[in-house]
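Examination of the molecular architecture
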Amino acid sequence: MARSPDSGRAVPGESGGRQKGGPGEHRIDFRVEGEGREYMKKLIIPVIIVLLLAIIAAYALATYGVGFFVSWLFTSAYFILGMIAGAVILFILLRAYFGWRFYYHVIARNVKVSERNLPWIFEIAKAAAQRLDVRPPGVFIVQDPEINAYALGLRRKIIVINTGLIDATDRDELAFIVGHELTHVKYGWTVPVRILGITVPVPLLFSSQQREYTCDRGGLIACRDLDRSVLALAKLALGRRLADEIDVARFYTDKKEVEEDRISRLSEALASHPPIRDRVLHLREFYHSELYKKLTS
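Let me begin by describing the structure that accompanies this report. Only a predicted model underlies this, so the values are computations on that prediction, with no experimental measurement involved. (Residues numbered from 1 in each chain as written. Predicted model: local features only at pLDDT ≥ 70, side-chain atom pairs only at ≥ 80, totals over all residues. Heavy atoms only, no water.)

With that settled, the discussion passes to the overall build of the chain. Of regular secondary structure, the chain possesses twelve helices and six strands. When burial is assessed residue by residue, the chain has 40% of its 297 residues classed as buried. Put simply, of all contacts in the chain between residues at least 6 apart along the chain, 70% involve residues at least 24 apart. If you sum the accessible surface of the chain, you get close to 17500 Å²; carbon and sulfur atoms cover 62% of it. (Helix = DSSP H or I, 4+ residues; strand = E, 2+ residues; numbered from the N terminus. Buried < 20%, exposed > 50% of the residue type's maximum accessible area, 1.4 Å probe, protein only. Contact = heavy atoms within 4.5 Å. Areas by Shrake-Rupley, 256 points an atom, 1.4 Å probe, with all protein chains shown as cover.)

A few words now on the side chain of threonine 163. Within the secondary structure, threonine 163 is located in helix 4 (residues 163–168). Leave out the neighbours within four places in its chain, and threonine 163 touches Ile141, Val142, Gln143, Asp144 and Pro145.

On to the packing of aromatic side chains, then. Applying the stated criterion to the full structure yields four aromatic pairs. Arranged with centres 5.5 Å apart and planes meeting at 75°, the rings of phenylalanine 30 and tyrosine 187 form a pair that is edge-to-face. Highlighted residues: phenylalanine 30 in the segment before helix 1 (35–42) and tyrosine 187 in helix 5 (residues 171–187), separated in sequence by 157 residues. Here phenylalanine 30 matches tyrosine 187 in class, with each residue buried. Relative to tyrosine 252, the ring of phenylalanine 251 lies with its centre 4.8 Å away and its plane at 55°, an arrangement referred to as tilted. The burial state of phenylalanine 251 is the same as that of tyrosine 252; both residues are buried. (Phe/Tyr/Trp six-rings, centres within 6.5 Å; stacked < 30°, edge-to-face > 60°.)

A sheet is described by the order of its strands in space; here four strands give the open sequence 1-2-4-3, paired in mixed fashion. What marks the edges here is a single partner per strand, and that holds for strand 1 (111–112) and strand 3 (149–152). Sheet topology note: the strand 3/strand 4 (residues 158–162) ladder contains four bridges and is antiparallel. Within strand 4, the residue paired with alanine 151 across the bridge is isoleucine 159. Each of strand 3 and strand 4 is contacted by helix 5, which is oriented at about 25° to strand 3, the strand it contacts most. (Pairing = 2+ DSSP bridges. Axes fitted to C-alpha atoms, helices over the stretch in contact; angles between N-to-C directions.)

In this section: the nonpolar core. Counting 46 residues, the largest nonpolar core has Ile161, Leu174 and Leu182 as its most contacted members. Setting aside residues no more than four positions away along its own chain, leucine 174 makes contact with Trp120, Ile121, Ile124, Ile161, Leu165 and Thr169. Val106, Leu152, Ile158 and Val160 belong to the second-largest nonpolar core, a separate cluster that totals six residues. (Core = buried A, V, L, I, M, F, W, Y, C linked by side-chain atoms within 4.5 Å.)

With that out of the way, let us pick up the pattern of salt bridges. Within this structure, the stated rule accounts for ten salt bridges. Here aspartate 244 ties to lysine 235 by a salt bridge, and the two come within 3.9 Å at their closest N and O atoms. Take aspartate 244: its relative accessible area is 45%, and that puts it in the partly exposed class. Note that glutamate 290 and lysine 293 form a salt bridge whose closest N and O atoms lie 3.8 Å from each other. Of this pair, glutamate 290 and lysine 293 both sit in helix 12 (residues 290–296), separated by three residues, roughly a single helical turn. (Salt bridge = Lys/Arg side-chain N within 4 Å of Asp/Glu carboxyl O.)

The next thing to look at is the pairing of strand 6 (residues 198–203). The sheet contact formed by strand 5 (residues 190–195) and strand 6 spans six bridges and is antiparallel. Across the sheet, arginine 194 pairs through a bridge with threonine 199, a residue of strand 6. In this antiparallel pair of consecutive strands, strand 5 and strand 6, the connection spans two residues, and leucine 196 shows a positive phi of 55°.

As a rule of thumb, non-glycine residues mostly have phi less than zero, and peptide bonds are mostly trans rather than cis. At aspartate 133, a residue that is not glycine, the phi angle is positive and equals roughly 55°. Its identity is not glycine, yet tyrosine 252 carries a phi of approximately 50°, on the positive side. Among the structural elements, tyrosine 252 can be located in the loop between helix 8 (240–243) and helix 9 (255–260).

Any link to function would need more than the numbers given here.
Structure (structure tokens):
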């Protein structure tokens, strides 16, 4: 069950608890390097498709001549462009509709955390936001047994926490998860890509595993406890009962062990989230880094 407000564990950031962060403490960018490179790699397939179309067009031009190619191009271009434009507009409208519907469905059927409603969760979110130097969004609790939480919204961002996650974690572990989602809010839905020496924020149309590593860093900054952070990740993979049986201090501590545990690099590369073993290893490396010490000193 979830810990009650008077369970005896200090809320992160409260007096008597762990180190307290202040506004402006984390203006340093703690993102994992490589988000832009990963994003560009995922554009390889669309680029290949465009190149194949260009090759087909060049072949038609060389085979049938300019006159035939131009006449065919113009007669079919209106139809093709019309189909493409219609498909794009329909896709955007459907995404907007279902996104709006899901967003307000979440708000409508859940309880918003506040100083009066579940104040201990409110304090955890408030302390985590302070440590991450981000304006705290609305936090909503949904009745769902799955151990999960997620961030939603474009203009108005919210964090949704399943009751299954609250039942499975203690305060420090919940602080890690909240910090993870707050980092999604902090860095938004764009990825920095360098174009001609200039860093451009590109909309995050594909999932980014590097962003998940970054958000785990934010979770650790909010929690300040490596073992509880690792245990939170283990519970996402195994559930509460089995995760409580593992030796957290020895859970994926060796890089060689992680490398040998890989099953399919291709399937892992196509997944939206990196494997838990990789996340744990990256989290351990960040914990012992000078950047983490600088952010939490």
